[in-house]
Amino acid sequence: MTITVGLVGNPNVGKTSLFNKLVGARQYVANWPGVTVSRTEGATVRKGYTLHFVDLPGVYTLSATSIDEKVTRDYLFFSPPNVVVVVIDSMSPEQGIYLLLEALELNLNVIAVFNAVDELRKSGTVVDRSVLETFLGIPVVLTSAHTGEGIEELMDKIIQVFKGGDRPKVFPYPEHVEEELKRIEPLVPKELAQRFCALKIIEGDKFIRELVGNVGLSFNKEIYSALATDIARARYNFATDLISKAYRSSGRLLTLNEAMDHVFTHKFIGIPIFLSVMYLAFNFTFKASEPLVKVIETLFEKLSTLIGEENIIVSLISQGFIGGVGSVLAFVPSIFALFMALGIMEESGYLPRIAFLVDRLMYRLRLTGRSFMTLLLGFGCNVSTVMAARGLADERERLTTILVSPFISCSARLPVYLMITAIAFPKYRAEAFFAIYAMSILLTAFSSRVVNRVILEGQSVPLIMEVPRYRLPKISNVLTYTWNRGKHFLEKASTIILTASVVIWVLSYFPGGGDVEKSFVAMLGRLLEPLFKPLGYSWQIVTALIFGGVAKEVVVSTFSQLYGTLEGIKMDPVVGASLMIFVLAYVPCLATIAAVRSETGSWKYALFSVFYSFALAYILALFVRLFGGFILSVC
Amino acid sequence: MYVEGIRNWKVTTVRSVAVKQSLMMFLGFITSIAYINDGEFTFGLVLVVFSSVFLLGIFERKTMSFSYKIAHLYVGSILMMIATGYLILTFAFSHFNLLVGEPSLRLSIPDFLLILTGIMSLFNVISLKKAVTREKTP
Ligand SMILES: Nc1nc2c(ncn2[C@@H]2O[C@H](COP(=O)(O)OP(=O)(O)O)[C@@H](O)[C@H]2O)c(=O)[nH]1
Ligand SMILES: [Mg+2]
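What counts, and at which threshold
Residues numbered from 1 in each chain as written. Chains lettered and ligands numbered in written order. Predicted model: local features only at pLDDT ≥ 70, side-chain atom pairs only at ≥ 80, totals over all residues. Heavy atoms only, no water. UniProt positions renumbered as here; feature names shortened; annotations may be inferred. Salt bridge = Lys/Arg side-chain N within 4 Å of Asp/Glu carboxyl O. Helix = DSSP H or I, 4+ residues; strand = E, 2+ residues; numbered from the N terminus. Buried < 20%, exposed > 50% of the residue type's maximum accessible area, 1.4 Å probe, protein only. Polar contact = N/O pair within 3.5 Å; in protein donor to acceptor, adjacent residues only side chain to side chain. Contact = heavy atoms within 4.5 Å. Near = heavy atom within 4 Å. Areas by Shrake-Rupley, 256 points an atom, 1.4 Å probe, with all protein chains shown as cover. Nonpolar A, V, L, I, M, F, W, Y, C, P; charged D, E, K, R; others polar. Phe/Tyr/Trp six-rings, centres within 6.5 Å; stacked < 30°, edge-to-face > 60°. Lys NZ or Arg CZ within 6 Å of the ring centre and 35° of its normal.

- Chain A carries the name Ferrous iron transport protein B in an unreviewed UniProt entry, which gives Fervidobacterium thailandense as its organism.
- According to the UniProt record, the Function (unreviewed entry) comment for chain A reads "Probable transporter of a GTP-driven Fe(2+) uptake system."
- The Sequence similarities (unreviewed entry) comment attached to chain A in UniProt states, word for word, "Belongs to the TRAFAC class TrmE-Era-EngA-EngB-Septin-like GTPase superfamily. FeoB GTPase (TC 9.A.8) family."

**Here's the deal with the pattern of salt bridges**
All names here are of chain A.
For step 1, the next point in the chain: Scanning the model with the defined rule gives 22 salt bridges over all chains in all.
For step 2, the next point in the chain: The partner of R195 in a salt bridge is E185, and the shortest N-O contact between them spans 3.9 Å. Placement of the pair is R195 in helix 8 (residues 194-203) and E185 in the loop between helix 7 (175-184) and helix 8, with a sequence separation of ten residues. The exposure classification of R195 matches that of E185, with both residues buried.
For step 3, the next point in the chain: A salt bridge links R235 to E203, with the shortest nitrogen-to-oxygen separation between them at 3.3 Å. In this pair, R235 sits in helix 10 (residues 221-246) while E203 sits in helix 8, placing the two residues 32 residues apart along the sequence.
For step 4, the next point in the chain: Taking relative accessible area as the criterion, R235 reaches 1% and is therefore assigned buried.

**Section: the side chain of D111 of chain B**
All names here are of chain B.
For step 1, the next point in the chain: Secondary-structure assignment places D111 in helix 4 (residues 109-133).
For step 2, the next point in the chain: One polar contact links the side chain of D111 to the main-chain amide nitrogen of S108, over a distance of 2.9 Å.
For step 3, the next point in the chain: The residues touching D111, leaving out its near neighbours within four places in the chain, are Y35, L87 and R106.

**Re the site of ligand 1**
Residue and element names in this part refer to chain A.
For step 1, the next point in the chain: Taken together, 15 residues form the shell around ligand 1, and within it N12, K15, T16, S17 and A145 come nearest.
For step 2, the next point in the chain: A distance of 3.1 Å separates an oxygen atom of ligand 1 from a polar atom in the backbone of V13.
For step 3, the next point in the chain: Coverage of ligand 1 by the protein amounts to 71% of the 580 Å² it exposes when considered alone.
For step 4, the next point in the chain: By residue number, the principal contributor to the shell around ligand 1 is helix 1 (residues 15-23), which donates three residues.
For step 5, the next point in the chain: When grouped by side-chain class, the residues that make up the shell around ligand 1 number four nonpolar, eight polar and three charged.

**Things to note about the packing of aromatic side chains**
Residues and elements named next belong to chain A.
For step 1, the next point in the chain: Scanning the model with the defined rule gives 26 aromatic pairs over all chains in all.
For step 2, the next point in the chain: An angle of 75° between the planes, with centres 6.2 Å apart, marks the rings of Y279 and F434 as edge-to-face. Taken as a pair, Y279 in helix 12 (residues 270-307) and F434 in helix 20 (residues 429-454) lie far apart in primary sequence, 155 residues in all.
For step 3, the next point in the chain: According to the relative accessible area criterion, Y279 is buried, its value standing at 5%.
For step 4, the next point in the chain: With a relative accessible area of 27%, F434 lands in the partly exposed category.
For step 5, the next point in the chain: In textbook terms, an aromatic cluster arises when at least three aromatic residues are bridged by ring pairs, as seen for F532, Y537, F582, Y586, F614 and Y618.
For step 6, the next point in the chain: One cation-aromatic arrangement involves K70 over F207; the distance from NZ or CZ to the ring centre is 5.6 Å.

Have a look at this one:
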């Protein structure tokens, strides 16, 4: 099998020297005379593949203004090689990185080669390849055409990349540029690299403008030239930033930031560290907030017994208001504590790095690190994710993110888990939490595959983005973060949860006159109970789930009202586990459904979201119930 | 070029880093085993992960390995401090339990081991931070 490889790079970076090393004396070398410049081709065999190299004239950009630039550009554009190797002079890499960013827009397989590392070492400088790979998201090889270092590795990487399929990379520009790009892209014929062409049109590339034809440019010349400047600046800023991250003199130690990045984004230990830190955060959240939660619970209970339930008004207040809303409010300390832990992780600059760690994984799901960041918002509230998905450049990615967002375990589900773990397995709360969050992530991942397979087609926009520095989190910032996310919860308690509690109270008071067993809710619950029989849910649970469709916290309110108090409830651990999973997945809350409907502009997706998640929840809960029961009976 | 000239760094020698690294790794793994032995399986596992940060430092063999070794020592120590901080805070907060009439936590032997590791880590971080931040980022 033959793999064609184009060697691209600025003039004088060592392309021809590399080419000679790669092709060696083993194979033929042919010269193709051009107008003023030539392109040279040669081949070599490695691991059963014929690597056909093409040494192209040096260029600074892919906007062809001179003829040699045209040779290179036309080659990449009209007879794209299987793999593009962008050769960068490691002694002064910024121009090379600039060109690399352009080449990435072509949607080809790209490998970056930092050449002349021998000279770099002599100057007492080292370059951290893993930093380059992490932040560029493509394979990087360090070579020297003089010593032969890295040549074999480059050949292996070429074969690997070729076999691995294409992984297009898109560099994000400032928002106003992206907006214009989004407008132009659809006007470019599909068979051309749309984003590349759109960029070139903005940059004023005459050839591409003619090729694409009249795309009805909305702006006048000045605005386009301003946009073009912003594009160039964005590329240079990225290059400068990358270099400062990856380069250092060999006598110098790593800075704090570099040291931390090296370990926290480590290939092997990065993810385990992340999981461990999350576990500590969860566990601390409960342990720290538990006593406070107990104090508040006791207070509300005392208050409620003090009021009694002699008549209808008193019962409304003690059962509906205090029982319903109070039971949810009691979990406020835990929720704030968890947000505080997350706030510290985000403020310190740790969380954004995880986006890079998972980018590769996300790509398999045809999502990116950027949708990961959007999805992270969903741990506060799923509606935030659905709204923030607007910021995603690619439509397919946006839809996927919206449709999978309900599986991100939002804070509304927290009180429910807190309640279930407290009554079903009080000893293993952190473990249960860890498991449910892991489940949440797995379901999100699984669903994005399903969504991609079933509904959508299109391409993907991978991640290159800026990462903040590590810093000691400022207390004031963490508190603001905690408050901004937590207050949403308080608002809901005073509006939708209060309303739902009153409705539940009414339905559970009448027509029995206070006897829950004879009330409307009991009828409703019993009516649907058979459907949930296989899961082992009582009619109280079924009722709670129905009302929980409005907002998940209401599950807790319903429990509290139906049982009188949360203290005495007994629940089988297996039912508890299955209920947790069911609550995680079963339906998006009303607000999320509404947001999905308005952001996708169609009921089709909103309904898909409801039915899909219900079916998934039922199957999983049933599985947990059967499998868990089996395990317990064996032990 | 974005790189400053070569600077020598004399505060910590190669050998003292290697010694510290092995010591931290040893303490870390012992503490993890103590916790697992005590039935605190998950927390023990967390400490295993944190200790392997020290372990992986040993395998840094490329150029600049010395710097990377220090990075592992530094970050490993930070993680150990986080674990110790977690323990101490949980212990402190457990005294609120007295309010609702439940006992506060008692420190166990693994807890003391972890606190010892934490103190060592604190020293590491302070000494390394001084050395590391002497250099400004480019
Ligand atoms: N020290 C060193 N010099 C190199 C290396 N690669 C190329 N050069 C030198 O860089 C100059 C330009 O090389 P050339 O291959 O013609 O670059 P091209 O214009 O990109 O094809 C020549 O003088 C080479 O000897 C390398 O890996 N190390
Ligand atoms: Mg040449």
